[in-house]
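What follows is each chain in one-letter form.
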Amino acid sequence: MKIADIRVREVSVPRLYDTYSADVQKLQSADERGRSRYQIIELFTEDGIVGLGEVSDIYDRMQPLSAADLRNLLQRELAGGGVAQWALLYQRVAAALPDTYHPELRGLTLFGVEIALLDLVGKRFDAPLYELLGGRCRDGVEVCWVGFLRGEIPMAEELAAFEAEIAAKVAQGMRAFKLKVGEDHPRDLARIELFRQIAGPDLYLRVDASGSWQELEAIDKIGQMARAGINACETPVVAISRQVANDNPEQINARADEAALSLARVRAAVPIDIIEHVADLGDAFSAALVRHRAVDVVNVIPSQGGGLMRGLRLIHTAQTAGMAALLGSTVEMGPGTAAFVHLGVAAQNVTVSSDLVAPGLLVDDVCAHPFAYQDGTLRPFAGPGLGVALDEDKMAKWALSNG
């Protein structure tokens, strides 16, 4: 089975409300807080089988290739290649991406290519993707609903919207939640306290500061939040700022031990679990987290790290060190979410609720059968490969004119 043709199309889908994380550098535009932009990759074989991929949640500052230019690059590297040599084809694309490519966009693009290739492999051998990842070890992936920041609106208005959001998700069966924090500490505490009033004492709650705090500040604020009722904190210290990790990861990679030691000191000083992202940083960063016992849980976003195979390796690294793992998200659509769910049901160490929020955060999907939560869980669809197919009416509805 050989790849005969490639198609790349762009779509943009609105979110239910404008969402963002703590953003000191103000990198997200107002439009990017309200919509998500994607490139959908299709690999066509000679006998008409289609492999689907997705380049997830692209920002303008990444300066992505146009859909036409990305298609031309993939056509040069993949056309005529045999599906059985998918790993070599992946490496060809990785080598062909320009050195100037935005670092996060490189990972997102390679993820899209990899899952399209793996979708073909699964269809070639009539096997769901989780079988290619080691076999299914659980029925579904428990989801942690993410409550984002809502922008510069009055606190009373934000708390009212937040209360309605959390109450609805609890009623739908969500048992785990994450709140974005880090810009306004009194408001953060008010949201945590309101969450506990709505959800009670037993549901899981973590916060994500996106690297907003200096070390001593983090210890103080996490302590206050722990007393208010959180179970864990993600990315607390500025040494591992999410904005730097996304745009200039080498700044963190170059001082991996220093960053890990900062996390380790925070971990030692607070009474709750500490979580950190690893996929968009180098392997040496993960090694430093292990070496210094810096975290309790690693957050793995396979789309940022270049694909499922590297994501699985990072999960296994954490498992060897006795650290749990969860799957983060860049707000993937149907193809990307499907890939994450397959990984989540195959990786034994994904034991902490994962941030797969797109099925509930986007107003629509481009797949014929969108994912839906079942008691706070996502399950893979039956069928070979990813198990999803595009809905052409929806592709046309959300198409970008420059796609």
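Above: the structure in question.
Here is a short report on the structure shown in this document. Just so you know, the residues in each chain are numbered from 1, in the order the chain's sequence is written. In keeping with the predicted nature of the model, local features appear solely for residues at pLDDT of at least 70, side-chain atom pairs appear and are counted solely at 80 or more, and the whole-chain, interface and lining totals rest on all residues. To get the side-chain values, take all heavy atoms of the structure and skip hydrogens and water.

Helix and strand labels come from DSSP, where a helix needs a run of H or I of at least four residues and a strand needs a run of E of at least two; each type is numbered from the N terminus. With respect to the helices, strands and loops of the structure, Ser262 is situated in helix α11 (residues 256-269). Pairs of N or O atoms within 3.5 Å make up the polar contacts considered here, provided that, within protein, one atom can donate a hydrogen while the other can accept it, and that residues adjacent in sequence are counted only when both atoms are side-chain atoms. At 3.0 Å, the side chain of Ser262 forms a polar contact with the side chain of Glu215. Residue contacts are counted whenever heavy atoms from the two residues lie within 4.5 Å of one another. In contact with Ser262, not counting residues within four places along its chain, are Glu215 and Val237.

What follows concerns empty space enclosed by the protein. The distinction between a cavity and a pocket rests on a 1 Å grid over the protein atoms alone: a 1.4 Å probe fits inside a cavity but cannot get out, while a pocket stays open yet meets protein on both sides within 12 Å along at least five of seven lines, and a residue with an atom within 4 Å of a point counts as lining. Grid points are joined across faces, edges and corners, and a volume is the space filled by probe spheres set on the points. Applying the stated rule across the entire model yields 2 cavities of 30 Å³ or more. In this structure, the second largest cavity occupies an estimated 50 Å³ of space. Around the second largest cavity sit Val278, Ser286, Leu289, Val290, Val298, Leu314, Thr317, Ala318 and Met323, which together line it. Counting only elements with at least two residues in the lining of the second largest cavity, the list comes to α12 (283-291) and α13 (308-320). Its residues assigned to classes, the lining of the second largest cavity comprises 7 nonpolar, 2 polar and no charged. In this classification, the charged set is Asp, Glu, Lys and Arg, the nonpolar set is Ala, Val, Leu, Ile, Met, Phe, Trp, Tyr, Cys and Pro, and all remaining amino acids, among them Gly, are polar.

Another point: the layout of surface pockets. For the largest pocket, the calculated volume is near 380 Å³. Forming the boundary of the largest pocket are 25 residues, of which Pro103, Arg106, Gly107, Gln304 and Gly305 lie nearest the centre. Mapped onto the lining of the largest pocket, the elements with two or more residues apiece are α3 (86-96), α4 (103-124), α9 (242-247), α10 (249-253) and α13. By residue number, the principal contributor to the lining of the largest pocket is α4, which donates 6 residues. Broken down by class, the residue content of the lining of the largest pocket amounts to 9 nonpolar, 10 polar and 6 charged.

This paragraph deals with the packing of aromatic side chains. A pair of Phe, Tyr and Trp rings is counted when the ring centres sit within 6.5 Å of each other, with Trp represented by its six-membered ring. The angle between the planes then sorts it: under 30 degrees is stacked, over 60 is edge-to-face, the rest tilted. Overall, the coordinates contain 3 aromatic pairs when judged by the stated rule. Ring plane angle 65° and centroid distance 5.1 Å describe the contact between Phe177 and Phe195, whose orientation is recorded as edge-to-face. With Phe177 in strand β6 (residues 176-180) and Phe195 in helix α7 (residues 185-199), the pair connects residues that are 18 residues apart, well separated along the chain. For the pair Phe177 and Phe195, one class covers both residues: buried. Sitting over a ring, as applied to charges here, requires NZ of Lys or CZ of Arg to be within 6 Å of the ring centre and within 35 degrees of the ring normal. Here Arg124 stacks its cationic end above the ring of Phe125, 4.8 Å away from the centre of that ring. Each residue gets one of three labels from its accessible area relative to the maximum for its type: buried under 20%, exposed over 50%, partly exposed in between, using a 1.4 Å probe on protein chains only.

The working definition used for a salt bridge is a side-chain nitrogen of Lys or Arg within 4 Å of a carboxyl oxygen of Asp or Glu. Following the criterion strictly, the structure yields 29 salt bridges and no others. Of the charged contacts in the structure, one is a salt bridge between Lys178 and Asp208, with a shortest N-O distance of 3.5 Å. On the criterion of sequence distance, the pair formed by Lys178 in strand β6 and Asp208 in strand β7 (residues 204-208) is long-range, its members being 30 residues apart. A single burial state applies to Lys178 and to Asp208, both of which are buried. Measuring nitrogen to oxygen at the nearest pair gives 2.6 Å for the salt bridge that ties Asp283 to Arg313. Remark: Arg313 occurs in helix α13 and Asp283 occurs in helix α12; sequence separation between them is 30 residues. Arg313 sits in the partly exposed class, given a relative accessible area of 40%. Taken together, the shared-partner salt bridges connect Lys178, Lys180, Arg206, Asp208, Glu234 and Asp355 into one network.

Our focus in this paragraph is the sheet that holds β7. The pairing criterion for strands is at least two bridges between them, as found by DSSP. Taken in spatial order, the 7 strands of this open sheet run β5-β6-β7-β8-β9-β10-β11, and their pairing is parallel. The open sheet is flanked by β5 (145-147) and β11 (324-327), the only strands paired with a single partner. This sheet shows a mean twist of 25° between the axes of neighbouring strands, independent of strand direction. Pairing geometry for β7 and strand β8 (residues 232-234), over 3 bridges, is parallel. Following the sheet pairing, Val207 is matched in β8 by Cys233. For helices, the fitted line uses only the C-alpha atoms of the stretch in contact; every axis is such a line through C-alpha atoms, and the angle between N-to-C directions lies from 0 to 180 degrees.

Keep in mind these values describe shape, not function.
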